[in-house]
Amino acid sequence: MTSNNRVAPHLFVVLGATGDLMRRKLLPALFHLAAQGLLKGAALILGAARKTDLDDAGFRAQAREALAADGFSADDLVGRWCDECLFYQPIGLGEAEDYQALAARIAKLEQAHHLPGNRVFYLALPPAAFPSTIVGLGEAGLHRSPGWSRLVIEKPFGRDLTSAQDLNRLLHRYFDESQIYRIDHYLGKETVQNLLVFRFANALFESVWNRDRVKHIRIMVAEELGVEGRAGYYDQTGAIRDMVQNHLMQLLTLAAMEVPEAFDGEAIRREKIKVLRQIEPLDREHVVFGQYIGGRIDGQEVPGYRDEPGVAPGSTTETFVALRLEVTNWRWQGVPFYLCAGKRLPRRLTQIVVAFRCPPVSVFRPFFRCEIDSNVVVITLQPDEGFDLCFEVKAPGQPFSLQTHRLHFRYSEAFGRLPDAYETLLLDIITGDQTLFVHADEVEAAWRLYTPLLEHRLPAYPYAAGTWGPPAAEHLLGDMRGSWGAVA
Ligand code: BG6
């Protein structure tokens, strides 16, 4: 994010290079960075995967197809980039000798292309494969290099506090924290990064961003989609592990943190960790789980969660969570934070809503509408990234009445296309900027909060697909009513 840093010549090694993440996210992002001239000099990509009957040419052909499917035209630029920059190395069953062969291929490519030994190892793998891959790389000596060596690991990072601690210990056996990039793709979204600018470059808001002025903060990630062919993963995971422990907690820390002493990775991460440690243990009375049953979205009939292919019969996995928590510090004591995330809701909407306190007394009480709505700042992360400031105005004419209106800012109107989160994050990895990556202490602090909830599970109440979750959530969210107070 702070990357004015120069991109050094490097080798970008993707483990799990024949998988979905590579095809849908990493390849398009790497190609787009290269096409914009942001990768300059030598930036080679070495895909590694179990497939033993694939070679450089076959891998390049797959990449061309994936890029075409992503909307890049099959022109010369795509073809040249694939031929010049992409290579493939099979790692079979991932035995020690497979990693030695990988190390030998890396050395050979670096020599042939005069690379100084700067390496990224991206684990685009299912979580079960993380430990053996980390050991394989470490035992082959790939954690050290003549230049720099960085390891990128996707979420979910562990399943609970103990497994996250084990994974951190294993990583630290070979890699320093300064070499580890734990990805949370939400941190790569422009609006999320802009939250820091919004807060810390505009004294207007920062001076009211506290318990004296804020009534509550809501963070919601509503998805229209269901489990989309990922039932095998999702049914073992659920909404707390898939969304809340990581994405929503990251949003919360950025919304609640103190002003960092500098705009750099370490200072920002230090402040985020403080927030996580200041959250009170969750009160189970303030948590609602839900699971969708069949319903209609956009006029289409959609099946219930338990009828999705791959979901265990009678599964109790939560596809919806609403909860209330408190950050006990001088800035936020007494201000409720409401977090909601769910699948198969009426529409896709990710928002942080900061609701301010109403005036202590309404001088308009004698008139038509005496209740004054609170001023609200809405930060929309998707689908239409931007900010809204809602305030009261007098409706023209008689009788005297108030209406809520908005000032709004939309990124697309001001700047056009926004970079994909992965483009931002990959460039940061390559330039060595850890600001938008999650520190070991953050992951563990978030798991400390949610592990008790996962150990003694709550029942998941049914809700019809296409609704805003079970009625119990409405009760928890109080005055936010049916749509969690979403501001569309
Ligand atoms: C992923 C989750 O991390 O985030 C998915 O595993 C979820 O279940 C996705 O759909 C949401 O991301 P976005 O960027 O579409 O909000």
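Everything numeric in this text was worked out from a predicted model, so none of it was measured.

Rules and cut-offs
- Numbering of residues begins from 1 in every chain and follows the order in which that chain's sequence is written.
- Thresholds applied to this predicted model are a pLDDT of at least 70 for local features of residues and 80 or more for the giving and counting of side-chain atom pairs; totals over whole chains, interfaces and linings are not thresholded and use all residues.
- As a convention, hydrogens and water are excluded, and side-chain values are obtained from all of the structure's heavy atoms.
- Each reported salt bridge corresponds to a side-chain nitrogen of Lys or Arg within 4 Å of a carboxyl oxygen of Asp or Glu.
- By the criteria applied, helices consist of DSSP H or I runs no shorter than four residues and strands consist of E runs no shorter than two, each listed in order from the N terminus.
- A 1.4 Å probe rolled over the protein chains alone gives each residue an accessible area, and that area as a share of the maximum for its type sets the label: buried under 20%, exposed over 50%, partly exposed in between.
- Residues are counted as near a molecule or strand when any one of their heavy atoms sits within 4 Å of it.
- Any pair of N or O atoms that falls within 3.5 Å is considered a polar contact. Within protein, one atom must be able to donate a hydrogen and the other to accept it, and sequence-neighbouring residues count only if both atoms are side-chain atoms.
- The Shrake-Rupley method, run with a 1.4 Å probe, gives the accessible areas here. Residue values count only the displayed protein chains as cover.
- Only Asp, Glu, Lys and Arg are considered charged, only Ala, Val, Leu, Ile, Met, Phe, Trp, Tyr, Cys and Pro nonpolar, and every remaining residue, Gly among them, polar.

Moving on, we come to the pattern of salt bridges. Inspection of the entire model under this criterion finds 27 salt bridges. For the salt bridge of Asp83 with Arg64, the shortest nitrogen-to-oxygen distance reads 3.1 Å. Here Asp83, found in helix α3 (residues 76-85), pairs with Arg64, found in helix α2 (residues 56-69); they are 19 residues apart in sequence, far enough to count as distant. Among the residues examined, Arg64 registers a relative accessible area of 33% and is labelled partly exposed. Between Glu177 and Arg182 there is a salt bridge; the shortest N-O distance is 2.7 Å. Judged by relative accessible area, which is 16%, Glu177 ranks as buried. Linked through salt bridges whose partners overlap, the residues forming this network are Arg199, Glu206, Glu258 and Arg331.

Along the chain, Tyr174 turns up in helix α6 (residues 161-174). Note: C-alpha distance between Tyr174 and Val361 (187 residues apart in sequence) is 61 Å.

It is worth spelling out the site of the ligand at this point. Around the ligand sit Lys155, His185, Tyr186, Lys189, Glu223, Arg230, Asp242, Met243, His247, Lys343, Arg348 and Gln382, and that is every residue in its neighbourhood. One of the side-chain N or O atoms of Tyr186 is found 2.5 Å from an oxygen atom in the ligand. Between Lys343 and the ligand, the recorded distance is 2.9 Å, taken from a side-chain N or O atom to an oxygen atom. Look at the ligand: alone it shows 400 Å² of surface, and the protein chains cover 81% of it. Its residues assigned to classes, the shell around the ligand comprises 2 nonpolar, 3 polar and 7 charged.

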